[in-house]
Amino acid sequence: MLQDLLLTREKQQRLNLYLSITTAGEAIHFTLPESTIEGEPILPSPYLKDILDSSGATVQRRGLIAGKRQGLIPELKDAMSRLELDVAASKYFKGPFWPGLRERFGLQRLEASLIDFNREFRWEVKDLEKLRKHLGQTFSFSRLKSYDDCPFLFFLSYVAGLDQKTDHIFELTPLDEGNVYHAVLRDYFSGKGEEWEGSLAENLTKHLLHDSSVVFKFEFARLREILLDYITIRESKRPRLMSGEYYPFDFEKAFGLSGTARVEVIPGVYLRGKIDRVDLDETSDSIYIIDYKRGNSGDKEQLILYSLAADTLFADSGYTVAGGVFKTLTGTTVNRAAFKVETVNGERVWRFVGGRGEGGDWSESDALAWVRGITEGLYAGKFAPVCLSQSGKCFNCRFKKMKRVATWRDGKEFADEE
Ligand code: SF4
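Just so you know, these numbers come straight off a predicted model, no measurement behind them.

(A) Local environment of the overall build of the protein chain. Check the secondary structure of the protein chain and you find 15 helices and nine strands. By residue count, 23% of the 418 residues in the protein chain fall in the buried class. For the protein chain, the share of sequence-separated contacts (at least 6 apart) that also reach a separation of at least 24 residues comes to 57%.

Structure (structure tokens):
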């Protein structure tokens, strides 16, 4: 529809131009800038050549007076470096203006490379044996989720190893900040109680890269405020669907990490991770799992997979997971994605508290199908970028600059340029 509208508008503009030219009384002057006011060259209108050829008009050029660079900007190819010209022209490749640009600026060599670059592309890894070896059989939840969000993002991060590290010279990285919260809350709930500020100071010193006392003081005050709010207010806000007398029992319960056994989710596929906190209710032999989140984030699939892991880890003691939640440390929502586990027709079902698209049921077969779908795609070497099928998924992606290349290959030029 939008395309139809644009075509109609272009036709109207052509008609307007035609009418203006054919009804002119004495003469027509076309003016066009060849450079910006700073003297940076501008790619000429693709219609220019047609108009000059068909009208037989004479060209007069005037140099800039107000701009930084005085004098005439000569031919575009002389004003730009060859590379700049290639880059500027490339975005028109495959479009209607390309043949004209190629002839005018001698872009035959560029065309040959663009054709090669634009050859059929399958977004697949061919050497599946090597890929399987590289991937292994054990995945963290965040890796599975990353593939689910965008297979190409997974490829760039974990196959090509292009993950970008952000430089946090002074403050804590988000990862370190999370580690400090986890360690302090572990110490607090496992008996250190009132001494948690000492634990904060100790863990902060361990994770801060900078030994400036000003930075330490600033970060200590910031994290202390968040932790104090959690300990004194947020912790006591009981999640919905949580019934029973639970007490904190285990912390940072690892599986598949630091020598601990991994958990098999589907045949041949294992999970590794760390459950932030496991609470027990001894009267009902139930477990309640808690995952701390810095803000309003967290995916239900993580809680489901961690429930499966906890059931395996505590199987020998006879405890089973009855529910769980994301406990947030900041933000207006304290308990997110609270759930309870029920058995329906002989199958486990995770029932999530409703509200703004967060509710709903996940059966065990849904959860296992989710893992199966992802790992089948991974082992088949399929890594298509999500932007080719869905728009709006790349907004927060650290590789979003690459999206332009993918959409350009698809003939969309740089339409999504920010
Ligand atoms: S920018 Fe979009 S398509 Fe590219 S890797 Fe990121 S999420 Fe995937």
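(B) Region of the structure containing the nonpolar core. Ile-287, Ile-289, Leu-305, Ala-309 and Ala-310 are the most contacted members of the largest nonpolar core, which totals 47 residues. If one sorts the elements of this core by residue count, helix H13 (residues 300-313) sits on top with eight residues. The contacts of Leu-305, once residues within four sequence positions are left out, are Phe-141, Val-265 and Leu-271. Core analysis: the second largest hydrophobic core is formed by ten residues, Val-184, Tyr-188, Leu-227 and Tyr-230 among them.

(C) Structural view of the site of the ligand. Taken together, 14 residues sit near the ligand, with Cys-150, Pro-385, Cys-387, Cys-394 and Cys-397 positioned nearest. The set of elements that each furnish at least two residues to the shell around the ligand consists of helix H9 (151-159) and helix H15 (400-412). Grouping the constituent residues of the shell around the ligand by class yields eleven nonpolar, no polar and three charged.

(D) Structural context of the confidence of the model for the protein chain. Per-residue confidence for the protein chain averages 83 on the pLDDT scale, and 84% of its residues sit at or above 70. Highest mean pLDDT in the protein chain belongs to strand S1 (residues 138-140) (96); lowest belongs to helix H3 (residues 76-79) (60). Every residue in residues 1-6 is under pLDDT 50, and counting partners more than four places away or in other chains gives zero contacts. Predicted confidence is poor over residues 414-418, with pLDDT under 50, and the contacts of this stretch with residues over four places away or in other chains come to eight contacts.

(E) Spatial organisation of the packing of helix H8 (residues 141-149) against helix H14 (residues 364-379). Where H8 meets H14, the closest approach of the two axes is 10 Å, and the angle between their N-to-C directions is 75°. Classed by the angle they form, the pair H8 and H14 counts as roughly perpendicular. On H14, the residues touching Leu-144, Tyr-147 and Asp-148 of H8 are Val-371, Ile-374, Gly-377 and Leu-378. Considered class by class, the residues forming the contact of H8 with H14 number five nonpolar, one polar and one charged.

(F) Here's a closer look at unusual backbone geometry. Not every positive phi belongs to a glycine, and Leu-241 is a case in point at roughly 70°. Assignment of secondary structure puts Leu-241 in the loop between helix H12 (213-232) and strand S2 (247-255). One non-glycine residue with positive phi stands out, namely Ala-337, at about 50°. For Ala-337, a count of 24 C-beta atoms within 10 Å translates into the label buried.

(G) View of helix H11 (residues 196-207). Over its twelve residues, H11 runs 16 Å from end to end, which matches the ideal 16 Å to within 8%, given 1.5 Å per residue. Along H11, the residues that are buried comprise Leu-200, Asn-203 and Leu-204. The buried residues of H11 occupy an angular sector of 105° when projected down its axis, which confines them to one face. Of the residues in H11, the exposed ones pointing more than 90 degrees away from the buried face are Gly-198, Thr-205 and Lys-206.

(H) Summary view of the pairing of strand S3 (residues 263-266). The pairing of S3 with strand S4 (residues 269-281) spans three bridges and is classified as antiparallel. Considered in S4, the bridge of Glu-264 is made with Tyr-270.

(I) Highlighting the packing of H11 against H12. Viewed as axis vectors pointing N to C, H11 and H12 meet at an angle of 135°, and their least axial separation amounts to 10 Å. The orientation of H11 relative to H12 falls into the category oblique. Relative to H12, the crossing made by H11 is right-handed. Contact with H11, carried on its side by Trp-196, Glu-197, Leu-200, Ala-201 and Leu-204, involves Phe-216, Glu-219, Phe-220, Leu-223, Arg-224 and Leu-227 of H12 and no other residues of that element.

(J) How the structure looks around the pairing of S4. Among the 13 residues of S4, ten are classified as buried, and the element is accordingly described as predominantly covered. Where S1 and S4 come together, three bridges link them in parallel fashion. Residue Ser-140 lies in a different strand from S4, and its bridge partner there is Arg-272. When S2 meets S4, the two strands line up antiparallel, connected through seven bridges. Residue pairing across strands places Ala-254 opposite Lys-274, the latter belonging to S4. Linking two consecutive strands that pair antiparallel, namely S3 and S4, is a turn of two residues; a positive phi of about 80° is found at Gly-268 within it. Both S4 and strand S5 (residues 286-293) contribute to a ladder of five bridges, which runs antiparallel. In the sheet register, Val-278 faces S5, and the bridge partner there is Ile-289. Between the antiparallel neighbours S4 and S5 lie four residues, among them Asp-285 with a positive phi of about 55°.

(K) Quick look at the environment of Leu-280. Here Leu-280 lies in strand S4. We classify Leu-280 as buried; it has 20 C-beta atoms within 10 Å. Taking C-alpha positions, Leu-280 is 6.5 Å from Pro-248, a pair spaced 32 residues apart along the chain.

(L) Representation of the environment of Arg-102 in the model. By the secondary structure assignment, Arg-102 is in helix H5 (residues 98-105). Looking at Arg-102, the number of C-beta atoms within 10 Å reads 16, which means it is partly exposed. Sequence separation between Arg-102 and Tyr-92 is ten residues; the distance between their C-alpha atoms is 10.0 Å. Non-local contacts of Arg-102, meaning those with residues more than four positions away in its chain, are made with Leu-107, Gln-108 and Glu-111.

Calculation notes
- Residues numbered from 1 in each chain as written.
- Predicted model: local features only at pLDDT ≥ 70, side-chain atom pairs only at ≥ 80, totals over all residues.
- Helix = DSSP H or I, 4+ residues; strand = E, 2+ residues; numbered from the N terminus.
- Buried ≥ 20, exposed ≤ 12 C-beta atoms within 10 Å, placed from the backbone.
- Contact = placed C-beta atoms within 7 Å.
- Core = buried A, V, L, I, M, F, W, Y, C linked by C-beta atoms within 7 Å.
- Near = placed C-beta within 6 Å.
- Nonpolar A, V, L, I, M, F, W, Y, C, P; charged D, E, K, R; others polar.
- pLDDT = per-residue confidence, 0-100.
- Axes fitted to C-alpha atoms, helices over the stretch in contact; angles between N-to-C directions.
- Parallel < 35°, antiparallel > 145°, perpendicular 65-115°, else oblique.
- Expected span 1.5 Å × (residues − 1).
- Arc of directions from axis to C-beta.
- Pairing = 2+ DSSP bridges.
- Left-handed = near helix turned anticlockwise from the far one by under 90°.

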